[in-house]
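# Observations on chain architecture
Chain by chain, the residues:
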There are 2 protein chains.
Amino acid sequence: MELDDRKKKILLAIIKTYLETGEPVGSRTISKIEGLSLSSATIRNEMADLVDMGYILQPHTSAGRIPSDKGYRFYVDQLMAEKEQEIEERERETDEMKGLLIEKADKMERLLKQVARSLSVNTNYAAMISAPRYNVNRLKFIQLSRMEERRIVAVIVVEGNMIKNQIIDIDEPIDDETLLKLNMLLNTTLNGMAIEDISLSIIAKMKRQAGDQAGIIAEVIDAVAESIKADEELEIYTSGANNIFKYPELADNQKASEIITAFEEKKQLTDLVYETLSHSDEKGIQVYIGEESPVENMKDCSVVTATYELDEGIHGTIGIIGPKRMNYDKVLSTIKKLTTELDTMFKKTQT
Amino acid sequence: MELDDRKKKILLAIIKTYLETGEPVGSRTISKIEGLSLSSATIRNEMADLVDMGYILQPHTSAGRIPSDKGYRFYVDQLMAEKEQEIEERERETDEMKGLLIEKADKMERLLKQVARSLSVNTNYAAMISAPRYNVNRLKFIQLSRMEERRIVAVIVVEGNMIKNQIIDIDEPIDDETLLKLNMLLNTTLNGMAIEDISLSIIAKMKRQAGDQAGIIAEVIDAVAESIKADEELEIYTSGANNIFKYPELADNQKASEIITAFEEKKQLTDLVYETLSHSDEKGIQVYIGEESPVENMKDCSVVTATYELDEGIHGTIGIIGPKRMNYDKVLSTIKKLTTELDTMFKKTQT
DNA sequence: GTTAGCACTCAACTCATTAGAGTGCTAACA
DNA sequence: TGTTAGCACTCTAATGAGTTGAGTGCTAAC
């Protein structure tokens, strides 16, 4: 069977109505509302076909129809195509871009929290945002300073001005000269290198170059190397998890508990972020409907994610989690608006 | 009316039974179970008195009784007194202390997460732990290094080896000599000082001592001072928020939403921590029952908090949030066990 | 291909009934 | 005077019958 034009129209009408009301949609409702002007009987026939084709479902024999995952997928694809056009058209009217009220915050952390909050408040769904991540982490600066007699503090700055610290306890005191030499050695060897490229052989080479006090120096180099390699946990900020209680289909104990767990433990959100980043080449925004979700605990939700770019090669992810019966239209434009806002904000003011 | 011995016994019996079953307790149940050997009629009379005195409640005329906040309070006080004794007795048998399986983690953050997790898994309630906080923050070490021509990175170490970083952009280049002087100046002036004691006059004095290049130096000093003063947000780790869904009295949308919000936004948990720390002089563990809770969103829960000591003057808070019908006995001993475990762990291995 | 019409289905609601747990009170007892 | 047996009473929760109404599927006519 084929999804002809009339079927499409009816399907979209069903989904839109369902999104508004949250109740199964009957044939009469459609026959009245539509510009199609078909009788309810005709609609019924078409609906039966749509059920066969898997676009809609019947909770029970005498109820109306609700969209299936496949139905939502059709709707969302349709919507995304429309958006695409719209965006292109609106490209010129650059104003009205600041509806979301994000104040430039001094601290990245605060900014991200604010963004998450703004998202959840504006959409009434749960929201998350991951701190920006560098595709390639290049070392920019390393500095060792003696803090106490047998304690060194290492400061490691990577591109994008992310700073790592490490306190190193050493077995025997180190003299100023050695420390200076060590600083030189580390900086000349490692600066500009991508963290991924720092291999054991490079570390070994440095140790060899160290010469006489090889003992302490090796110790320190190892500690620094370890600290550099230790990858930070991906920081994720969430907001509005409680919004899920607004949607009865998610608010029963079982499901709510799963979603809340995902939000609290962050592990699953981290997976979601990586999934999104790995697809980010395609098109900015991704929509996962129900079973499509890469995250187990969100199989009953829809998840909308997008990548924002802070600078060349520095990306983060934002996400909205809500019921399948989500206002996709609004969510898509909110996310779109937000990512552009973030992009332009960062392009202007690098911190 | 007075709470005589028999009333006490009956009250405790009611509460214990209720904690086990979660159902209103009737007079017959008590008359059968007890060693008191009183008829249900007598129990009924006593129960009526207990209702008058506010220790128990009747959900409706023909139902059994459930404890009121006041009743729980009585029970908990009783229990705490017992515990006190037990602890003193057990002081000698030092073994069996390691039931909770906390592995010494390299990173404080990981350790804390683990503790929270352990708590929530062991008790089946929601758990939180705050990162240790220093009552007095003494500066230990300050180091400025030039990273790029007009960019300095400041490393500030406070007692307990907490490290703050700050990147400072300066208007004009700074030469090595000035930088060295500045480092000396900052360290000699500020080292050992409590952050709270760093006043504007001290900052002004440093600026005066700076001499010639007052411009840049003032700039840097201000940035450092600001960074020192900027107080970190209190870090709080939570685990097992989803446990609340196991208790029907907390699992309805309204209440669950409130509790989840408190856990997500952390603000209220922060308040809870400060509240606890401010009372920590009294006795280790505090129990807030229902309305007693310092946190608005937890008026339907019981909250058990305790302070752990990492070192002289360095405290953190752990907390358990569950239904009023909580297994106080278990929670109290779990927390007790955990705090001692943490205390001894830190006493041994300072990081 | 479309539509009117009708019999049928099913969830959701209402209402009455019942069962059972538990109470409060009274009168008798030790 | 405190304790107890006994009984009438109360109230929730569970059950089941009956009703309503939205919506379907199918057939026959247009």
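The model shown is predicted, which means the values in this text are computed figures rather than measured ones. (Residues numbered from 1 in each chain as written. Chains lettered and ligands numbered in written order. Predicted model: local features only at pLDDT ≥ 70, side-chain atom pairs only at ≥ 80, totals over all residues. Heavy atoms only, no water.)

## A few points about the overall build of chain A
- The number of helices and strands found in chain A is eleven helices and eleven strands.
- Compactness check: chain A gives a C-alpha radius of gyration of 27 Å against a globular reference of 20 Å for 351 residues, more than 25% above the reference.
- If you line up chain A on its principal axes, its C-alpha atoms span 95 × 45 × 35 Å.
- Residues counted as buried form 49% of the 351 residues belonging to chain A.
- Residue pairs at least 24 apart in sequence account for 61% of intrachain contacts in chain A once pairs closer than 6 positions are excluded. (Helix = DSSP H or I, 4+ residues; strand = E, 2+ residues; numbered from the N terminus. Rg over C-alpha atoms; globule rule 2.2 N^0.38 Å. Buried < 20%, exposed > 50% of the residue type's maximum accessible area, 1.4 Å probe, protein only. Contact = heavy atoms within 4.5 Å.)

## A word on the environment of Leu310 of chain B
Residues and elements named next belong to chain B.
- Mapped onto the elements, Leu310 comes out in strand E10 (residues 301-311).
- For Leu310, a relative accessible area of 11% gives the class buried.
- On a C-alpha basis, the gap between Leu310 and Ala251 in space is 35 Å, while along the polypeptide they are 59 residues apart.

## A short note on the sheet that holds strand E5 (residues 139-148) of chain A
All names here are of chain A.
- A sheet is described by the order of its strands in space; here three strands give the open sequence E5-E6-E7, paired in antiparallel fashion. On the outer flanks of this sheet lie E5 and strand E7 (162-169), each paired with one strand and no other. Between one strand and the next, the sheet's axes are offset by a mean angle of 20 degrees, whatever the strand orientation.
- Sheet topology note: the strand E6 (residues 151-158)/E7 ladder contains eight bridges and is antiparallel. When the sheet's bridge partners are listed, Arg151 is paired in E7 with Asp169.
- Packing of helix H6 (residues 176-190) onto the sheet brings it into contact with E5 and E6, and relative to E5 it is tilted by some 165 degrees. (Pairing = 2+ DSSP bridges. Axes fitted to C-alpha atoms, helices over the stretch in contact; angles between N-to-C directions.)

## Here we look at the domain arrangement of chain A
- Partitioning chain A into domains gives domain 1 (5-67), domain 2 (104-131 + 234-349) and domain 3 (139-231).
- Once you take the C-alpha centre of each, domain 1 of chain A and domain 2 of chain A turn out to be 31 Å apart. (Domains from an automatic or database assignment.)

## With respect to the pattern of salt bridges
- Evaluation of the coordinates by the stated rule reveals 35 salt bridges over all chains.
- The residue Lys113 of chain A makes a salt bridge to Glu109 of chain A at a minimum N-O spacing of 3.1 Å. Of this pair, Lys113 of chain A and Glu109 of chain A both sit in helix H5 (residues 108-123), four residues apart, roughly one helical turn.
- Judged by relative accessible area, which is 32%, Lys113 of chain A ranks as partly exposed.
- The exposure class of Glu109 of chain A is partly exposed, given its relative accessible area of 36%.
- For the salt bridge of Lys140 of chain A with Glu148 of chain B, the shortest nitrogen-to-oxygen distance reads 3.1 Å. Residue Lys140 of chain A is located in strand E5, and its partner Glu148 of chain B is located in strand E5 (residues 139-148); the two belong to separate chains.
- When salt bridges with common partners are traced through the structure, they connect Asp4, Arg6, Lys7, Glu46 and Asp49 of chain B into a single cluster. (Salt bridge = Lys/Arg side-chain N within 4 Å of Asp/Glu carboxyl O.)

## Some details on the protein's contact with DNA strand C
- The immediate surroundings of DNA strand C are formed by 20 residues, with Arg6, Thr42, Thr61 and Ser62 of chain A together with Ser27 of chain B found nearest.
- Within 4 Å of the protein, the atoms of DNA strand C are drawn from sugar and phosphate moieties in a proportion of 73%.
- Note that a phosphate oxygen of DNA strand C is positioned 3.1 Å from one of the backbone N or O atoms of Ser39 of chain A.
- Thr61 of chain A places a polar side-chain atom, nitrogen or oxygen, 3.2 Å from a phosphate oxygen of DNA strand C.
- For the surface near DNA strand C, the elements supplying multiple residues, two or more each, are helix H3 (40-53) of chain A together with helix H3 (40-53) of chain B.
- Of all the elements, H3 of chain A adds the most residues to the surface near DNA strand C, at four residues.
- The residue makeup of the surface near DNA strand C, split by class, is four nonpolar, twelve polar and four charged. (Near = heavy atom within 4 Å. Polar contact = N/O pair within 3.5 Å; in protein donor to acceptor, adjacent residues only side chain to side chain. Nonpolar A, V, L, I, M, F, W, Y, C, P; charged D, E, K, R; others polar.)

## Considering the nonpolar core
- Ranked by size, the top nonpolar core spans 54 residues in total, and within it Ile129, Val304, Ile320 and Tyr328 of chain B carry the most contacts.
- Counting contributing residues per domain, this core is built from domain 1 (5-67) and domain 2 (104-131 + 234-349) of chain B, each supplying no fewer than three.
- If we ignore the near neighbours within four places in the chain, the residues touching Tyr328 of chain B are Leu19, Tyr72, Tyr75, Val76, Leu79, Val287, Ile289 and Ser302 of chain B.
- Core analysis: the next-biggest nonpolar cluster, separate from the first, contains 53 residues, Leu112, Tyr125, Tyr134 and Leu338 of chain A among them. (Core = buried A, V, L, I, M, F, W, Y, C linked by side-chain atoms within 4.5 Å.)

## Some details on helix H6 (residues 176-190) of chain B
Residue and element names in this part refer to chain B.
- A rise of 1.5 Å per residue sets the reference length of H6, with its 15 residues, at 21 Å; its end C-alpha atoms lie 21 Å apart and thus fit the reference within 8%.
- Taken together, the buried positions of H6 are occupied by Thr178, Leu179, Leu182, Asn183, Leu185, Leu186, Asn187 and Leu190.
- N-cap assignment for H6: the residue whose side-chain oxygen lies 3.1 Å from the backbone N of Glu177 is Asp175.
- Of the residues one or two after H6, Gly192 is the one with positive phi, at around 85 degrees. (Expected span 1.5 Å × (residues − 1).)

## Notes on the environment of Thr305 of chain B
All names here are of chain B.
- Inspection of the secondary structure puts Thr305 in strand E10.
- Residue class for Thr305 comes out buried when judged on its relative accessible area of 0%.
- Aside from chain neighbours lying at most four places away, what touches Thr305 is Leu272, Thr276, Gly284, Ile285, Gln286, Tyr288, Thr317, Ile318 and Gly319.
- Among the polar contacts listed, one links the side chain of Thr305 to the side chain of Thr276, at a separation of 3.3 Å.

## Details of the relation of the copies chain B and chain A
- Superposition record for chain B on chain A: RMSD 0.1 Å, screw rotation 180 degrees, translation along axis 0.0 Å. In short, the pair behaves as if placed about a two-fold rotation axis.
- A high fraction, 100%, of the interface residues of chain B reappear at the interface in chain A, so the copies pair face to face through one surface. (Least-squares fit on C-alpha atoms with pLDDT ≥ 70 in both.)

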